[in-house]
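Structure at a glance
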Amino acid sequence: MTEFTNLGVKEIRDGVAGGDFTAREVAESFNAAVAAAAELNAFIVTTPDHALAAADSVDAKRAKGEDLGIMGGVPIGMKDLFATKGVQTTAASHILEGFTPQYESTVSQKLWDAGAGMLGKLNLDQFAMGSSNETSYFGNVNSPWRKEGANAGMSPGGSSGGSSSAVAARIAPAATGTDTGGSIRQPAAFTGICGIKPTYGRCSRWGVVAFASSLDQAGPMARSVEDCAIMLKAMAGFDPKDATSLQMDVPNWEAALSADLKGKKIGIPKEYRMDGTDEEILKSWEQGKEWLRDAGAEIVDVSLPHTKYALPAYYIVAPAEASSNLARYDGVRYGLRDLPDGAGLQDMYAATRAEGFGDEVKRRILIGTYVLSAGFYDAYYTQAQKIRTLVAQDFAKAFEQCDAILAPTTPTASFPLGSLNEDPLTMYLNDVFAVPASLAGLPAMSVPAMVNSDGLPLGLQIVGKPFDEQSVLNTGLAIQQRAGFDAAPEKWW
Ligand code: GLN
């Protein structure tokens, strides 16, 4: 029997279309794998019936000779930040516990229309705020990876930690993620999988629980560049319901994939050589350059002089937008309501928010409210917006000299759960390489490069010009082919 759970998106889609196996067989084996992996805590709710119903519909279409869609027969995990009609959607927060949307997010609807089915709603950092998946109200997600010879639970990264854990553990062939300041790329790097954040506006934000609206972008997480290309096409496209949605055609990235980089220039930003970056990460970056040279690319030095200001600017802009977006959770409209005896409206707001939000979310709301306050707006928020523009201009200048940029995804490999909880600043530093591309709205991807001396995966990041996901994917493919990354976590769950 085929081990369906080892298959990726393309293999499942093509196998179902070619009649090698049925979509139902595939859905059944992934449902069983999900049920057997409760220890990972990757899912907040599982939806085996959704996966089976979608599979049956694909099998029925095949029997009638109809088109199965580009994700036909592929069961996926859905980050619990996407509103799913009739299925609890929590953003991993107590304040949304029990909230069942009456509508479907645009991205999830597009995936169902493309023939995908849903295995369940994936755990994440609460409201997507975090880098370790430890801020979820529903408990940490465990990475399937462990250090060689050690038993400590490791972080799958965050905020899309349920997504990365499930895909790396092979209990889902692919999953949706969202990336505000690294939440697709960092968890992908920590777990040895691929993930791409497309250009801001490629994927509709409609029906995605908002964190920082000018940064939030959805994207696919899967075990190969090809699978990401396929799934991104299913997710992307203009949506009149999202005012920042790109009015552009969605290219057929899969068809145009090519690992031949002859004539391409790859930029190496010198400012990404930062103090505190792990030696092995720097070694993987050197190796990445070699691989891309081997693929025909010319390696050029570029400068992104405002890099060191990007992270502090992000931690002003993102909390500012979050404090505004999260004002809607007031005990009136969604989820939790705490109405103490004899309480008035203000008391209800305060009690509901005090009980419903986790500590990290409260920290962000406080920071955001502070930087937007009349007395400090110019000192913080306006300055941060100026830095954001400078960071974007840095990239625009660099892209006059190169077609894509290669950098590490993270400054370190995954860390043990619990090890950074008392140290929010070190936790924030995880995203130091990811945040600049987010501020600039650029497409960026992480692909696995190698495992380090602890046996943990390391990722390389490729950043592209606006709308040029193709070059990002092609560069990723060139790395994938040369890295030959086939390490998988040893099963302990
Ligand atoms: N880790 C970053 C943060 O906590 C990024 C989160 C994200 O991209 N959603 O804000």
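Remember, it's a predicted structure, so these values are computed and weren't measured experimentally.

Quick notes on unusual backbone geometry
The amide bond that connects Gly158 to the next residue, Ser159, takes the cis arrangement and shows omega of 5°. On the secondary structure map, Ser159 appears in the loop between strand S3 (117-122) and helix H5 (161-168). Backbone geometry places Ala92, a non-glycine residue, at a positive phi of 60°. Tracing the backbone through its elements, the reader meets Ala92 in the loop between strand S2 (75-79) and helix H4 (106-113). For Ala92, a relative accessible area of 0% puts it in the buried group. In this structure, Asn133 takes a positive phi of about 60° despite not being glycine. Classification of Asn133 as buried rests on a relative accessible area of 0%.

Overview of the site of the ligand
Within the structure, the ligand sits among 15 residues, and Gly181, Ser183, Tyr314, Arg364 and Asp431 are positioned closest to it. Between Ser131 and the ligand, the recorded distance is 2.8 Å, taken from a side-chain N or O atom to a nitrogen atom. Taken by itself the ligand offers 290 Å² of open surface, and the protein chains cover 100% of this. Looking at the shell around the ligand residue by residue, the class counts come to five nonpolar, seven polar and three charged.

With respect to the side chain of Ser183
Relative to the elements of secondary structure, Ser183 occurs in the loop between strand S4 (174-179) and helix H6 (185-191). Residue Ser183 is classed as buried on the basis of its relative accessible area, which comes to 6%. A polar atom in the side chain of Ser183 sits 2.7 Å from the backbone nitrogen of Ser159.

Some details on empty space enclosed by the protein
One pass over the structure, following the stated rule, counts two cavities of 30 Å³ or more. In this structure, the largest cavity spans a volume of roughly 60 Å³. Around the largest cavity, the lining comprises 13 residues; the ones closest to its centre are Ala128, Gly130, Ser183, Tyr314 and Asp431. A class-by-class count of the residues in the lining of the largest cavity yields five nonpolar, six polar and two charged.

Some points on the nonpolar core
In terms of nonpolar packing, the biggest core is built from 149 residues, with Met71, Ile76, Leu111 and Phe127 touching the most fellow members. For this core, the element with the most residues is helix H9 (residues 307-325), which contributes ten residues. Apart from the residues within four sequence positions on either side, Phe127 is in contact with Ala91, Ser93, Ile95, Leu96, Val209, Phe211, Leu326, Tyr329, Phe357 and Val361.

Quick notes on the side chain of Asn142
With respect to the helices and strands, the residue Asn142 is situated in the loop between S3 and H5. Residue Asn142 is classed as buried on the basis of its relative accessible area of 17%. At 3.2 Å, the side chain of Asn142 forms a polar contact with the backbone oxygen of Glu39. The residues contacting Asn142, other than those within four sequence positions of it, are Glu39, Leu40, Gly153, Met154, Pro156, Ser165, Leu417 and Trp492.

What about the packing of aromatic side chains?
Summed over the entire model, instances satisfying the criterion amount to 18 aromatic pairs. Ring centres 6.2 Å apart and planes at 45° place the aromatic pair Phe376 and Tyr380 in the tilted group. Judged by its relative accessible area of 33%, Tyr380 falls in the partly exposed class. A centroid spacing of 5.8 Å and a plane angle of 90° characterise the contact between Trp492 and Trp493, whose relative ring orientation is edge-to-face. The exposure class assigned to Trp492 is partly exposed, which follows from its relative accessible area of 24%. Residue Trp493 is classed as buried on the basis of its relative accessible area of 13%. Here a set of aromatic residues connected by ring pairs shows up, and it is made of Phe99, Phe127, Tyr329, Tyr334 and Phe357. Between Lys241 and the ring centre of Trp206, over which it is positioned, the NZ or CZ distance is 3.8 Å. The ring of Trp285 carries the charged tip of Lys289 above its face, separated from the ring centre by 5.8 Å.

Calculation notes
Residues numbered from 1 in each chain as written. Predicted model: local features only at pLDDT ≥ 70, side-chain atom pairs only at ≥ 80, totals over all residues. Heavy atoms only, no water. Helix = DSSP H or I, 4+ residues; strand = E, 2+ residues; numbered from the N terminus. Buried < 20%, exposed > 50% of the residue type's maximum accessible area, 1.4 Å probe, protein only. Near = heavy atom within 4 Å. Polar contact = N/O pair within 3.5 Å; in protein donor to acceptor, adjacent residues only side chain to side chain. Areas by Shrake-Rupley, 256 points an atom, 1.4 Å probe, with all protein chains shown as cover. Nonpolar A, V, L, I, M, F, W, Y, C, P; charged D, E, K, R; others polar. 1 Å grid on protein atoms, 1.4 Å probe; cavity = no way out; pocket = protein on both sides within 12 Å on 5 of 7 lines; lining within 4 Å. Points joined across faces, edges and corners; volume = space filled by probe spheres on them. Core = buried A, V, L, I, M, F, W, Y, C linked by side-chain atoms within 4.5 Å. Contact = heavy atoms within 4.5 Å. Phe/Tyr/Trp six-rings, centres within 6.5 Å; stacked < 30°, edge-to-face > 60°. Lys NZ or Arg CZ within 6 Å of the ring centre and 35° of its normal.

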